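# Reading the structure
Letter by letter, the chains look like this.
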Amino acid sequence: MSNESTVLIYGTNLGGYRAAYALGKSGHKFILLNRGSYVDEMKYQALAQLPLDFCWICGHMPQRLFKALGAMQDCYNAELLEVSGEAGHFHVKFKKRDKVVNNFACTECDQCIEVCPVEVDGHKAIRVIPEAGWENCYVIDFEHCTRCGKCEEVCPTGALKVERPEEVLEADVGAIILADTFEEPSDEDLRDFALGQSPSVIRNSEVARRSLLTNFVRDSVRLPSGKIPQTFGIVVTPHFNRPGVEYENYNLSVSAIYRAVRLKDVLPQADVTVFLHDYRGTGKGHYRWYQKALDAGVRVERAETLKIVPEDGAEQVTIHYTSADGEAHTHPVELAILVTGQSPPSQMAELSRLTGVQADENGFCRIRPFSCCETDVDGIFAVGELTGPKGNPETVWEGCAALTEVLKYLGEKNFKPAPGPPLRDVSEEPVRVGVFICRCFGLFDERIDLSALEERVQALPGVAHVEVIEGCCTGPTIKATAERIKESGVNRVVLAVCTPLQKKGKYNKAVMMAGLNPLLCEYLRFREDVIQVHTDRDKMLEKSLALIRSGVEKVRRGMAAGPPTDSFTPHALVVGGGLAGLTAAHEIAANGFPVVLVEREERLGGQMQYLTDEQRKYVEGLISAVENADNITCYTQAHLAQVEGYAGNYHVVVETPEGPVPVDTGVIIVATGAREYRPEGFLYGQDPGVMTQAELQAKMRNGEVVGRVAMIQCVGSRTAEVPYCSRLCCNQALRNAIALREQGSEVTVFYRDIATYGKVDYYRLAQEAGVKFVRFPDDHYPDVRRNGAGLEVVNGKQRVQADWVVLSTGVVPDAENNQALSQLLNHPLDYEGFFSSDISNYPYEEAIKKLTKPFELASNGIFPVGLAHSPRSFEETILTAKDAAGRVLVVIGKGKMPPPGKMFVADVYESLCMGCGLCVDVCPYNARYIDEFKKVARVRPFLCDSCGSCVAICPNDASYLRDFMGEQSIAALDALLE
Amino acid sequence: MNNKGAILPAEDGVESAVIGWLKEALSKKVFDALLIPVEVPAGDSFAYLLLRNPALLENASPLPPVMPVQGAKAISRLTMRGNGSKRVAAIVRPCEARAAIELTKLEQAHLDNLWLITVDCPGVLPLSDYLEDPVAGAARFAEASQRWDRAPMRPVCQICHHFSMPASDLHIGTLGSAEGTVFVIPGSPKGERVMENLGMPLDAALDDWAARVKEMEEVQRERRRQAHTDLKAGIAGPDGLLDVFSSCINCHNCQRVCPVCYCRQCYFESAALKLPPENYLARAGRKGALRFPPDTLLFHIGRASHMVLSCVSCGTCEDACPMSIPVAQVFSLLADRAQETFGYVAGRSLEDPLPLVAYEMDELHQVEQPYVETYHGLQIADCEQEVQDA
Amino acid sequence: MSDKQEFEPRIIYILCSWCGSGGGETAAAHHLHYPENVRPYRVNCTGALPTVHIIRPLIEGADGVAISGCHPGDCHYNDGNFRARRRVALVKSILDTLDLEPERVWFRYVAHGEGRRFVDTATEFNDHIKKLGPNPLKTRSDT
């Protein structure tokens, strides 16, 4: 019996959404169980965790797309009831209750809200969440709802039903992905910080919630009395809270710093202090925020203990804290902003009961060693913050990594988007423009004189047909509109409707059902540009007429063209045979695609000298799998000599000891690793007692023991030369320190910030084990000297004797190799010298851009993974490699494919083009090149995202967008001025 | 690179010295060809010749009195399709060299096998003045340029402050040289190689030249500043501006002769601007009347927005205008201001990226419209006042 | 138009298809109002806005042209808005040199969720143009 092909996703964290997207794109249906009653209940917490006020609502577009196409079954108010069977053949039973308002039929007319008789706390019993112009969810506060049913009566499309029955459904699925969102600590959990006891204490997520309509502005921090605070304290609460109550997601230090910087932006005179135990901006990119904050005048206070005490009757609280030297301090602030972590998942007991997955000692879901998302139960996976506190890039990476792990349990693909209806060739026909004006099921009748508008539009030059339609956004109305278009015999269409950002798919469907290419059609925001924002009926009529006239001028000159296609070579090339390269190669090949692996050393495996025994065994297993795979070809002592082409069509020459080998490939995975920083000074290399952590580990494995060990952190990190945190060193150092303590050695750790991260609180364990900690200032490292009694570490007035001094060295990019490879691949290095993985400046942007604009080919089919991307631990290296493999798998098997925008891409009028290359220079996606023979620009269709940068830079319109041609725009602009 | 040059004897004048030098270079195959202005047989103009036979250098001139064709256009036509395998030296005015550098950034010229040879430039005569009586014109030019008197020259030449060495490969320095000599100054490794091949030792100090150039530059800058101030006042606002362009007939000569206007078909002649009658009638309805052919101002301001960042203020456009509109003066003013906004100088160096391609994350904040938060229509400050008053 | 108070400006508000238009949609979702004479014109990205599309309306009938797109760093297409800023600087430089009132062109960022900022911009710009008065270029037949 073959495996099931559908996947059940239980929970909706970012990783889960990303996995859903990857599955749908790979041709697998999925059932998405949302515990909440609407999309994004966890939105504000997540927004506060992202250290950017970046609205990522568009991230849900893939989900909508899949629902419309049939890949996704989304359930709300859902709960998994029973799981039986085994991997590949699970039988699941779950209950759900549909949302009160079916988004797909809702026109957001707000009539339900108008007629609701109940008002509580400033809003009606039925209201909209979130409050942006996008995926508005209508929810009913059932505590106050009187069940009068007025809202249901007035809904024009029947999208609203107050009483939705609870349904129990069953399904057969091949795998289950658990993706519960994280939980914020409760007010009670935060009682030491006066939350709920004073108007002057607020959560960062609440600030994010308030900022949704306006972005972060002064209003977001206004106190209940109306006053804008002038003194602020931003507290990273997990640093000071009772152990086990909240866990620190990696980004919190950066979130706090970011919030501080933004406060200074909007209130330059404000006094802003950030309170944390250590600045834990681990990894590439985060140290820059720290510098930014200091430059902006933010004070960063490192505290040992902290609590907040409210002041009765005042809009002020006092922060009581002790500094490292034991001194007690107080700091009054008008507003304390709590940057909170996440609580251990409360659903674990339920999940264990249902599925057999186990919780680890911290209460998070256990994952098998060296896997990204596999739980102890075959076929059941867990992603995101359910498995432990983590940063946002990591959460998002787990989505596609899950794909690679899930696929082996799934059967054949069971989803393919239906081909569109056949389109009519209208190129020989005289142009006939039809204007269809939506009345939104009668709602617009009151607001504007539609028959007067109809009359005026009919009189416009070029308009052959006008009519008013009921709507174009529900099943029946889409069909009806398509009929009307067809019957009217027009070959250009202007739809005066609403929000194409949300509904473009629906409008495209309507016009395509009528046989017309969407390039010949224009969708106007009749509702957003006129109906909902104006009041004067006469002026609204004039404005509508102008907008429609402009649309008519545009579509009259529209030209139909089919989507260009390009072929995608279904092969992959992996550069680098270490852990990351081996993982990526293995995952891609296991799914049937040939891989060429290029390694510059004699043997595969990479930098094995840093691995533990288990890790080494794992890597050796991988090497064996890769060497034995039929469809992986390994070249050792080889390197890339030449790279030509672009995503999907790379022609590479690999220089091997036997001579050059040409390789055609669709994607290139860069897994070339990094180096350990070689310390300078500290008597390293001069004294046998001074060593790196790796050297210490080697000695310990050998059984060597000494009485006193001193460690110095941040050697080769967070300096001008290496301007980032190398992430691994604190975890590694403290693990070693704890092991040393077990052997009886005295251990002193000299540090700037202890930046441990992850589920295991090495810092606390080290302190409990008796490791001593001494802080040194950022700009003055301790000295290491040898004296009669051994080695001496000197930090100001403090001197510590030691037998061994261990330097925690950072990870630095292999600069020479990176430069050369970067040139060859035409792929930039980022500020820190690692391979940039997307055109972004901070790792968070990378995660968000991947979620909101899942454009696998945005970096031209080149995927840096592992240490080539950024300092990463063993598990994280596997994660980045599997994420890249997952993203590759989504596109690699497609054969000939159109670009994501289908027919909406850029193009070139060769007769006008002078081959000046400006368009090539400005294209963010490397989607253009100059044909040297004809000296004209050409477009690589896959890579073009229709931004139009090429259009603006081209002086004579040789470069154009299919839906934004020169002829169209001037005529449309002029018409708007009438 | 500008520290030392060579001294070239020039007892019979700059022209014969330079031509003699070039003849030697061509004969010795240091170059395979020259691109150089030569007087036309009829004696009433000058044209660029791609010259391979040294004997034809008789009527050549490194500093002809007029610039009917902007040298960069010739360089572009020659090298648009690549560097070729032969070495060519182009003897051009500094502004022509700068335009060639801009065109190279736009892939319309390739300079790897092309040597730009420039001369300290006194300007050129306006073409119409010269054409009235070419012989008298040539004489007038020779006499004025001897004294570095720019009064008879093109208006933009009169205020030019980039008249000396641009980023060319070789430069003939005529300012500050001893009587009867000129300097030959290398500006690049390939320029140095040529001088080596010609056995010209780099043993002459260039301090006098540099000082004289600097002195003249300061005078020119002041003239330019004054001229631009006066011009700006004269063309200010719609009235001033439209008066200046009121006689424009849309012939597009200015665009055609401009070296940095490289489009095969100018946007302002494209289908985008050719609209059905309703469009013109609507516009005439709004304005009361519409002049034909229309889009004159759009052409000039629009063309400015397309090319003014690469404008080298050569003045060829003004020479070509049949209606004597001071196009070059207006564009030169626009160019200075626009290039200054981006800290860019057209043609200064091949390494300078084009300002519309490059960008900084943190710049030009003066362009961004600041936003003061309002709260239900009130300014925040008002709100706080309300709270305090309450 | 004898009384400036009766002058109703013709305003073109150029918006990118993502944040700019999103701001407009958020404003609409909240029924925030702005003057009817502000007319939107959409481009995919402010980085796709050619300079001619700012100049043309100012000659052919607009009293003011406002441009809004994503904040720096947030451009949906990575860096279009940085080049847009440069282009606006170029157009403003030309207008300023010719004394053609560069104040009739505004460039302000509006994020997707910033409905309030969108309507404030439309309203403020309208008030600002009212104070400047009608654009003298738009009634010239010799343009």
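Residues numbered from 1 in each chain as written. Chains lettered and ligands numbered in written order. Predicted model: local features only at pLDDT ≥ 70, side-chain atom pairs only at ≥ 80, totals over all residues. Heavy atoms only, no water.

Opposite the 55 residues of chain C that make contact, chain A presents 54 residues. Of the roughly 4,700 Å² buried where chain C meets chain A, counting both sides, 57% is carbon and sulfur surface. With a shortest N-O distance of 2.6 Å, K539 of chain A and E8 of chain C are connected by a salt bridge. Seen at the junction of chain C and chain A, the total is 17 residue pairs in polar contact (both at pLDDT 80 or more). Breaking the side of chain C that touches chain A down by element, the ones donating at least two residues are α1 (19-29), β2 (38-43), α2 (52-60), α3 (80-97) and α4 (115-132) of chain C. Ranked by residue count, the leading element in the side of chain C that touches chain A is α1 of chain C, at eight residues. The residue inventory of the side of chain C that touches chain A, partitioned by class, reads 22 nonpolar, 19 polar and 14 charged. (Contact = heavy atoms within 4.5 Å. Buried area = accessible area lost by both parts, 1.4 Å probe. Salt bridge = Lys/Arg side-chain N within 4 Å of Asp/Glu carboxyl O. Polar contact = N/O pair within 3.5 Å; in protein donor to acceptor, adjacent residues only side chain to side chain. Helix = DSSP H or I, 4+ residues; strand = E, 2+ residues; numbered from the N terminus. Nonpolar A, V, L, I, M, F, W, Y, C, P; charged D, E, K, R; others polar.)

We now examine the confidence of the model for chain A. With 93% of its residues at a pLDDT of 70 or more, chain A has an overall mean of 89. The model gives residues 850-854 of chain A a pLDDT under 50, and that stretch makes 21 contacts with residues more than four places away or in other chains. (pLDDT = per-residue confidence, 0-100.)

Our next topic: the sheet that holds strand β41 (residues 804-809) of chain A. Residue and element names in this part refer to chain A. The sheet built from five strands is open, its strands ordered β34-β41-β35-β36-β37 with parallel pairing. Every interior strand has two partners, whereas the edge strands, β34 (690-692) and β37 (772-775), have only one. Taking the axes of each pair of neighbouring strands and ignoring which way they run, one obtains an average angle of 25° across the sheet. The pairing of strand β35 (residues 708-715) with β41 spans five bridges and is classified as parallel. What sits directly across from V709, in β41, is W804. Along the sheet, helix α18 (residues 693-701) contacts β34, β35 and β41; its crossing angle with β34, the most-contacted strand, is approximately 100°. Contacts from helix α19 (residues 728-742) reach β35, β36 (746-751), β37 and β41 within the one sheet, and its direction differs from that of β35 by about 175°. (Pairing = 2+ DSSP bridges. Axes fitted to C-alpha atoms, helices over the stretch in contact; angles between N-to-C directions.)

Bringing the environment of K105 of chain B into the picture now. For K105 of chain B, the location among the structural elements is in helix α3 (residues 94-105). For the pair K105 of chain B and L350 of chain B, spaced 245 residues apart in the sequence, the C-alpha separation amounts to 6.8 Å. Once residues within four sequence positions are removed from consideration, K105 of chain B is found in contact with C916 of chain A together with Y344, S349, L350, D352 and L354 of chain B.

Bringing helix α21 (residues 815-825) of chain A into the picture now. It helps to recall that an α-helix has 3.6 residues per turn; residues three or four apart then point in one direction. Residue and element names in this part refer to chain A. Three or more residues of α21 are buried, namely N818, L821, S822 and L825. Take α21 and look down its axis: the buried residues cluster within an arc of 105°, on one side only. Every exposed residue of α21 that faces more than 90 degrees away from the buried side is listed here: E816 and Q823. Elements in contact with the buried residues of α21: β26 (572-575), β29 (639-646), β32 (667-670), β42 (811-813) and β43 (862-864). N826, located one to two residues past α21, shows a positive phi value of around 55°. (Buried < 20%, exposed > 50% of the residue type's maximum accessible area, 1.4 Å probe, protein only. Arc of directions from axis to C-beta.)

Facing 33 residues of chain B, the contacting portion of chain A comprises 35 residues. Taken together, the links from chain B to chain A amount to one salt bridge. The interface formed by chain B and chain A includes nine residue pairs in polar contact (both at pLDDT 80 or more). Taken together, the elements giving at least two residues each to the side of chain B that touches chain A come down to α11 (277-287) and α15 (380-389) of chain B. It is α11 of chain B that contributes the most residues to the side of chain B that touches chain A, five residues altogether. A per-class count over the side of chain B that touches chain A returns 19 nonpolar, five polar and nine charged.

Bringing unusual backbone geometry into the picture now. If a residue is not glycine, its phi is most likely negative; likewise, a peptide bond is most likely trans. Of note, the bond from F292 of chain B into P293 of chain B is cis; its omega dihedral lies within 30 degrees of zero at -10°. A positive phi angle, close to 55°, is found at R147 of chain A, a residue other than glycine. Examined against the element boundaries, R147 of chain A turns out to sit in the loop between β9 (137-140) and α5 (150-154). Phi at F370 of chain A is positive, roughly 65°, even though this residue is not glycine. Summarising the element assignment, F370 of chain A is placed in the loop between α9 (348-355) and β20 (380-382).

On to the domain arrangement of chain B. Residue and element names in this part refer to chain B. Examined at the domain level, chain B breaks down into domain 1 (4-225) and domain 2 (238-357). If you average the C-alpha positions of domain 1 and of domain 2, the two centres end up 28 Å apart. Each side of the interface is counted separately: domain 1 has 24 residues, and domain 2 has 29 residues. Contact with domain 2 buries area across many residues of domain 1, yet E102, K105 and V156 alone supply 26% of it, more than any other trio. Inspection of the domain 1/domain 2 interface yields two salt bridges. One salt bridge connects R224 with D336, and the closest N-O pair in it is separated by 2.6 Å. At the junction of domain 1 and domain 2, the tally comes to 15 residue pairs in polar contact (both at pLDDT 80 or more). Every element with two or more residues in the side of domain 1 that touches domain 2 is listed here: α2 (71-79), α3 and α6 (155-158). It is α3 that provides the largest number of residues to the side of domain 1 that touches domain 2, a total of eight residues. (Domains from an automatic or database assignment.)

As a further point, take the packing of aromatic side chains. Residues and elements named next belong to chain A. Inspection of every chain in the model, using the stated rule, returns 26 aromatic pairs over all chains. Here the aromatic rings of F275 and Y321 are separated by 5.1 Å at their centres, their planes lie at 65°, and the arrangement is edge-to-face. In this pair, F275 sits in strand β14 (residues 271-276) while Y321 sits in strand β17 (residues 317-322), placing the two residues 46 residues apart along the sequence. An identical accessibility class is assigned to F275 and Y321; each is buried. An aromatic cluster is present here, built from Y279, Y287 and Y290 joined pairwise through their rings. Above the ring of Y76, the side-chain terminus of K99 is found at 4.3 Å from the ring centroid. The ring of Y757 is capped by R727, whose NZ or CZ atom sits 4.5 Å from the centre of that ring. (Phe/Tyr/Trp six-rings, centres within 6.5 Å; stacked < 30°, edge-to-face > 60°. Lys NZ or Arg CZ within 6 Å of the ring centre and 35° of its normal.)

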